[in-house]
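Structural features, examined
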Amino acid sequence: MSELRRSTMQPATDIYGNTRSGLPMPSTAKKASSSAMRMSLAGPAARTPYLPPGAGSGSNTGHSGYRSQNVNPLLQSTSKPNYGRTPLTNSSRRGSVWTGGPSLAPPSGSQTFKDPRPIRERSYQSKMKQDIYSWLQATEFDISVQTLSNITGKDYRAMFQHLVTIMDPGYPFDSRLRFEDEFQPALKSLRYPFSAQIDNKWLAAPGSMHSWPALLAVLHWLVEMGKARLNYLESEDDPTLQIADRIPEEFSDPIHHQALAFNYFSEAYVAFFHGADVFHEQDKELEASYAKKNERVVGDLENKKALLAQGTKELDELRSSKAPLEKLQKIRACILDDRAKFDDVLHRLESRKRQLTESVVREKAELAARSQNFDQLKAEHEKLTEVVKVQNLTPEEVIRMNTDHETLARNLEDLKYKISEARKTVMSLEVITTNRGAAAEEALDLYGNLLSAVGLFPPLPPPFDNIDLRLELNTAAANPQQLLLGSDIRKVIKPTLNSVAEIKRTERADIESERIKVDNELDQLTLECENVDEEVREIEKKVMSLNEQADDLRDAAQQESMVSNAEAARLERELAHARTAALSSGMGVKSRLQALQFDYREQIAKVSRLKDETIRAIAKNSNEIGLFKEEVSAQLRRLRDFVEEGN
């Protein structure tokens, strides 16, 4: 079956631009179901000549070189007097306006084809008979092998009609016609490539030596085509079957678009034959299919639009904000200013560190000198004690010396006590001095921070550019006048600070006056805005009233148009009746027909006049709305310019 499976039909881009069988479709044709064996309402696809495998040298058996020709013969109903026409049982039912097309004859080149198959060889004939017998048995046609060996005209006609019916279930065989009259049209409708080589006279005795090979080849060709058609219809994954239920939700193949279009046209055509002129259900199904197809794309588009809006917003923010270079330059200036202040503070702390280090060194040197003096006094005391021991003194001298010693001892105790008191006092004074020095340093640090906060670090703005307001504490200075390093507080720093404070108070007063002035102007602008809003509301009310009037005019025009259309439809029906009556009663009705035609023209003119008046009214209202929008825009622009000039 692999060599028999080939595509025998391929839809063209225009589903009505190709050709099908020229034979008409009977009016009793059954609508095909949506199953895998779904057939088109337009009948089977007409096929170009089909050559069996191995018939020609160098032929490609993997792909068919022939295309199906698709056209809907029902759309050509007006060119066929008996088939596919809508019975006009009601005079109000309009007839088909499709002009149809000429019946398409087989290609002229088909008459020159020569059958390349070895149909006169006995082995090939046996193979064809076996294929035909197997296919007929598979399609439930009762036949024996001997029938193919001794064929009769009746058996050949039955087999031929059975095979053609498999190819085209809706083919209109007529039992009243002779087989010779149906044989060639059926072959030509199926595009048998060698129909010109067959003589209808052979059908009287199909089993004769000169006629049987060609007629057997016809049956074998029909068998091969039936197998190819069945294999094609049973292929579930072939999109050219045009089965709408198998179309995926997302598709891009043109064949899927053609399948949806064919399904829409076939269902709409059936609805048309049932009397429908508007196909809402078919439109909704087609729109739902394409909406489901475009659902993911629309979601992606919305996401892309959201990303685009976000990017546009960020771009507008970047464009509306100042340049990043200016911001970085301001940050750099602040950092440099902070660096200068930090360097100054670091310099003061390093100076203080050096002073404290020098003070510690001096204290250590003084402590070492006093320790050395204490050792010397201790050695001298021991030396004097030894001298006293070796001397010979009288009792009086000893008493006197003891008395002097006691007196000196008491004086020494008094002196030690005074020294201890003095040391305590010195220690307390040192603690107080240290605390006050720390407090003074904290005050000077606070003073420096305040100078940094108010921007009074050197250099100062004119006229104080030559003044340095910084102060430093030198706790290691021996001279009290050198405890504070810097300008004189009473003569320089305090007057300068008073002058700066006076300047700042003056500037603050000016700024407060300016703020009051701006608040006053803002109140005036707010009042003007409220007045403009009130005017805008009044104009909006007028616009709403104008819109209501326009809606009333449009509704009235639509109602009159509907009445006119109904009247025109009535006149058309009467005109149709008049024409029908005129055909039967003669010229007596022509005057009435002319009167109805005049009335119809008057109604058409009235409808046109109402349409023109409606269009003029809509244009007038649109012009007034546009002028109103321009006036409001101009007022808002003037208000914005006024606010910008005030700022």
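Reading the values: the criteria
- Residues numbered from 1 in each chain as written.
- Predicted model: local features only at pLDDT ≥ 70, side-chain atom pairs only at ≥ 80, totals over all residues.
- Heavy atoms only, no water.
- Helix = DSSP H or I, 4+ residues; strand = E, 2+ residues; numbered from the N terminus.
- Buried < 20%, exposed > 50% of the residue type's maximum accessible area, 1.4 Å probe, protein only.
- Areas by Shrake-Rupley, 256 points an atom, 1.4 Å probe, with all protein chains shown as cover.
- Patch = residues over 30% accessible without salt bridge, like charges linked within 9 Å, V, L, I, M, F, W, Y side chains within 5 Å.
- Salt bridge = Lys/Arg side-chain N within 4 Å of Asp/Glu carboxyl O.
- Axes fitted to C-alpha atoms, helices over the stretch in contact; angles between N-to-C directions.
- Parallel < 35°, antiparallel > 145°, perpendicular 65-115°, else oblique.
- Left-handed = near helix turned anticlockwise from the far one by under 90°.
- Contact = heavy atoms within 4.5 Å.
- Nonpolar A, V, L, I, M, F, W, Y, C, P; charged D, E, K, R; others polar.
- Core = buried A, V, L, I, M, F, W, Y, C linked by side-chain atoms within 4.5 Å.
- Lys, Arg positive; Asp, Glu negative; His and termini not counted.
- Polar contact = N/O pair within 3.5 Å; in protein donor to acceptor, adjacent residues only side chain to side chain.
- Phe/Tyr/Trp six-rings, centres within 6.5 Å; stacked < 30°, edge-to-face > 60°.
- Expected span 1.5 Å × (residues − 1).

Within the protein, the secondary structure is distributed over 12 helices and two strands. Starting at the N terminus, the α and β elements of the protein follow one another as α-α-α-α-α-α-α-α-α-α-β-β-α-α. Residues classed as buried in the protein amount to 27% of the 647 residues present. Roughly 44400 Å² of accessible area belongs to the protein as shown, and the carbon and sulfur atoms make up 56% of that amount.

Attention now moves to a nonpolar patch on the surface. Taken together, L328, I331 and I335 make up a surface patch of nonpolar side chains, about 280 Å² in accessible area. Considering the arrangement of structural elements, one finds I335 in helix α9 (residues 324-390). Overall, I335 belongs to the exposed group, its relative accessible area being 51%.

Next up on the list: the environment of A204. Take A204: it is sitting in the loop between α4 (179-189) and α5 (212-234). Considered as a pair, A204 and F179 are 25 residues apart in the sequence and their alpha carbons are 9.3 Å apart.

Moving on: the packing of helix α6 (residues 254-273) against helix α7 (residues 280-293). Close contact between α6 and α7 brings their axes to 9 Å; oriented N to C, the two are set at 165°. Considered as vectors, α6 and α7 are oriented roughly antiparallel to each other. In this structure, the crossing between α6 and α7 has a hand that is right-handed. Within the contact between the two elements, α6 uses H257, L260, Y264, E267, A268 and A271 and α7 uses Q282, D283, E285, L286, S289, Y290 and K293. In terms of residue class, the contact of α6 with α7 is made up of six nonpolar, three polar and four charged.

Interhelical geometry of helix α3 (residues 153-167) versus α5 gives an angle of 25° and a closest axis separation of 9 Å. By the criterion of interaxial angle, the relationship of α3 to α5 is roughly parallel. For α3 against α5, the interelement crossing comes out left-handed. Facing Y156, M159, F160, L163, V164, I166 and M167 of α3, the residues of α5 in contact are W212, L215, V218, L219, L222, V223, M225, G226 and R229. Each residue belonging to the contact of α3 with α5 can be placed in one class, and the counts come to 14 nonpolar, one polar and one charged.

Bringing the nonpolar core into the picture now. By size, the foremost hydrophobic cluster in this structure holds 39 residues, and its most contacted members are Y156, F160, F183 and V218. The leading source of residues in this core is α5, at 11 residues. Residues in contact with F160, not counting those within four places in the same chain, are F173, F179, F183, A186, L187, V218, L219 and L222.

Glancing now at the side chain of R229. As for its placement among the helices and strands, R229 is situated in helix α5. Despite its burial, R229 remains without a salt bridge, the nearest opposite charge being carried by D168 at 6.8 Å. At 3.2 Å, the side chain of R229 forms a polar contact with the backbone oxygen of M167.

The next subject is unusual backbone geometry. Its identity as a non-glycine residue notwithstanding, E140 has a phi of 65°, on the positive side. If you trace the backbone, E140 turns up in the loop between α1 (122-138) and α2 (145-149). With a phi angle near 60°, R191 is a residue other than glycine that sits in the positive phi range. Turning to its location among the elements, R191 is positioned in the loop between α4 and α5. Given the relative accessible area of 11%, R191 is considered buried.

Before going further, it helps to spend a moment on the packing of aromatic side chains. In total, this model carries 12 aromatic pairs according to the counting rule given. With a centroid separation of 4.8 Å and an interplanar angle of 45°, the aromatic rings of F160 and F183 are classed as tilted. Here F160, found in helix α3, pairs with F183, found in helix α4; they are 23 residues apart in sequence, far enough to count as distant. Since its relative accessible area comes to 0%, F160 is described here as buried. Here F183 falls in the buried class, since its relative accessible area comes to 0%. Plain terms: the ring middles of Y192 and F194 are 5.6 Å apart, the flat faces sit at 90° to each other, and that makes the pair edge-to-face. Residue Y192 shares its accessibility class with F194, and that shared class is buried. Each member of the aromatic cluster is reached from another via a ring pair, and the members are Y156, F160, F179 and F183.

With that settled, the discussion passes to the environment of R470. Mapped onto the secondary structure, R470 falls in the loop between α10 (395-453) and β1 (471-473). Residues R470 and L444, spaced 26 residues apart in sequence, show a C-alpha to C-alpha distance of 8.7 Å.

Counted under the stated rule, the structure contains 18 salt bridges. Across the pair R515 and D519 runs a salt bridge whose closest N-O atoms are separated by 2.9 Å. With a gap of four residues between them, R515 and D519 both fall in helix α11 (residues 489-585), about one helical turn apart. Taking the relative accessible area as the measure of exposure, R515 reaches 42% and is therefore partly exposed. Here E567 makes a salt bridge to R570, at a shortest N to O gap of 1.8 Å. Of this pair, E567 and R570 both sit in helix α11, three residues apart, roughly one helical turn.

To continue, consider the environment of K114. In this structure, K114 sits in the segment before α1. Remark: the alpha-carbon pair of K114 and F194, spanning 80 residues in sequence, is separated by 6.7 Å. When residues no more than four places from it in sequence are discounted, the contact partners of K114 are F194 and Q197.

Attention now moves to α5. What sets the pattern is the α-helix's 3.6 residues per turn: residues three or four places apart point alike. With 23 residues, α5 ought to run about 33 Å at 1.5 Å a step, and its terminal C-alpha atoms sit 33 Å apart, in line with that. Most of α5 sits inside the fold, with 21 of its 23 residues counted as buried.

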